[in-house]
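# Tertiary structure, described
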Amino acid sequence: MTARPPFTVTVLTMFPEAFPGPLGVSLIGTAWREKGLWSLETLDIRGFSEDRRGFLDDTPAGGGPGAVLKADVVARALDSVSGPARPLLYMSARGRPLTQARVKEWAKADGVTVLCGRFEGVDQRVLDARGFEEVSVGDAVLAGGEAAAMVVIEACVRLIPGVLGQAESLGSESFEDGLLEYPQYTRPRTFEGLEIPEVLLSGDHKKVAQWREEQRAKTTRERRPDLWAAHLAKHPAGLEPAKSQVKSAKARGE
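Heads up: these notes are all about the structure in this document. All of these numbers come straight from a predicted model, not from anything done at the bench.

### Section: the sheet that holds strand β7 (residues 133-136)
- Read across the sheet, 5 strands follow the order β2-β1-β6-β5-β7 without closing on themselves; strand pairing throughout is parallel. Of all strands in the sheet, those bounded by a partner on one side alone are β2 (38-44) and β7. Strand after strand, the sheet turns through a mean of 35° between neighbouring axes, direction not considered.
- Summarising the sheet, strand β1 (residues 7-13) and strand β6 (residues 111-116) pair through 5 bridges and their orientation is parallel. Looking across to β6, one finds that T8 is bridged to G111.
- Helix-sheet contacts for helix α2 (residues 71-79) involve β1, β2, β5 (88-97) and β6, and the interaxial angle to β1 is about 155°.
- Its contacts with the sheet put helix α5 (residues 146-157) on β1, β2, β5, β6 and β7, and the angle it makes with β1 is roughly 175°.

### Description of the nonpolar core
- Among the nonpolar cores identified, the biggest contains 27 residues, and F7, V9, F19, W38, W106, I153 and V157 are the most heavily contacted of them.
- Going through the elements one at a time, β1, α1 (26-33), β2, β5, α3 (100-107), β6 and α5 are the ones with two or more residues in this core.
- Tallying contributions element by element places α5 first for this core, with 8 residues.
- Setting aside residues up to four positions removed in sequence, V157 forms contacts with F7, I28, W38 and V163.
- Formed by 19 residues, the second largest nonpolar core is a distinct cluster that contains L12, M14, V74 and F132.

### Re the side chain of Q100
- Residue position: Q100 is located in helix α3.
- A relative accessible area of 17% means that Q100 is categorised as buried.
- The residues touching Q100, leaving out its near neighbours within four places in the chain, are L159, F175 and E176.

### A look at the environment of D123
- By the secondary structure assignment, D123 is in the loop between β6 and α4 (124-130).
- For D123, a relative accessible area of 17% corresponds to the buried category.
- Residues D123 and V74 lie 49 residues apart in sequence; the distance between their C-alpha atoms is 8.9 Å.
- Ignoring any residue separated from it by four or fewer positions in sequence, one finds D123 in contact with V68, L69, K70 and A71.

### What about the pairing of β2?
- As judged from the 7 bridges shared by β1 and β2, these two strands associate in the parallel manner. Residue pairing in the sheet places T13 in a bridge with D44 of β2.
- Crossover connection from β1 via α1 to parallel β2: handedness right-handed.

Calculation notes
Residues numbered from 1 in each chain as written. Predicted model: local features only at pLDDT ≥ 70, side-chain atom pairs only at ≥ 80, totals over all residues. Heavy atoms only, no water. Pairing = 2+ DSSP bridges. Helix = DSSP H or I, 4+ residues; strand = E, 2+ residues; numbered from the N terminus. Axes fitted to C-alpha atoms, helices over the stretch in contact; angles between N-to-C directions. Contact = heavy atoms within 4.5 Å. Core = buried A, V, L, I, M, F, W, Y, C linked by side-chain atoms within 4.5 Å. Buried < 20%, exposed > 50% of the residue type's maximum accessible area, 1.4 Å probe, protein only. Right-handed = clockwise from strand over helix to strand, strands pointing away.

In structure tokens, the structure reads:
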């Protein structure tokens, strides 16, 4: 079987010194520096300004505060990137929400190219002309796209075969099937008067699996009613037992 080429990440940013940041540590960093399963390249957008003063932004058309990254500067930076076509991602508070489903699709590609905005954003024309997907990592506004880019990159890279030590654990994580993950525990058995749930110490794998599914349903319904409603609509029959189990748990005061 032919080995998969490294997953190639290119980041267009005004602050290349922000990288690799957390991408350079733990299993993600080892997969990059030692295993060569993915590669990271940063391009300083400033280097593509043709203004003798190095300006890469200008005032917003129509007036208003702040500045906007110029389309021609961003285009020159992007056009300098070689290799096969990859998903083009622009980190933006107004973008479509980041989801595990989108991450899984990007992780199947040869890599991703990520544009980190600053100021009031990027001239819309270059986003439209080059086909960028606008991506939001949450309902909050950041000073720039670098931190958000690291979130997307890590989410993609951890899905590359060989990056994580136990790939089988991916299937039970939050969002994989629309529900959040169950709570985790480990030794010591007692911590500040709080005990590990007895069922997890029972050795009964069937009961443990049932408890975990109950907890996944309960946690999702309480913390993410949007996910619960969507999953219930998709699997109404399959979730009825889980719903009943949650009600029973509440009745028992659990």
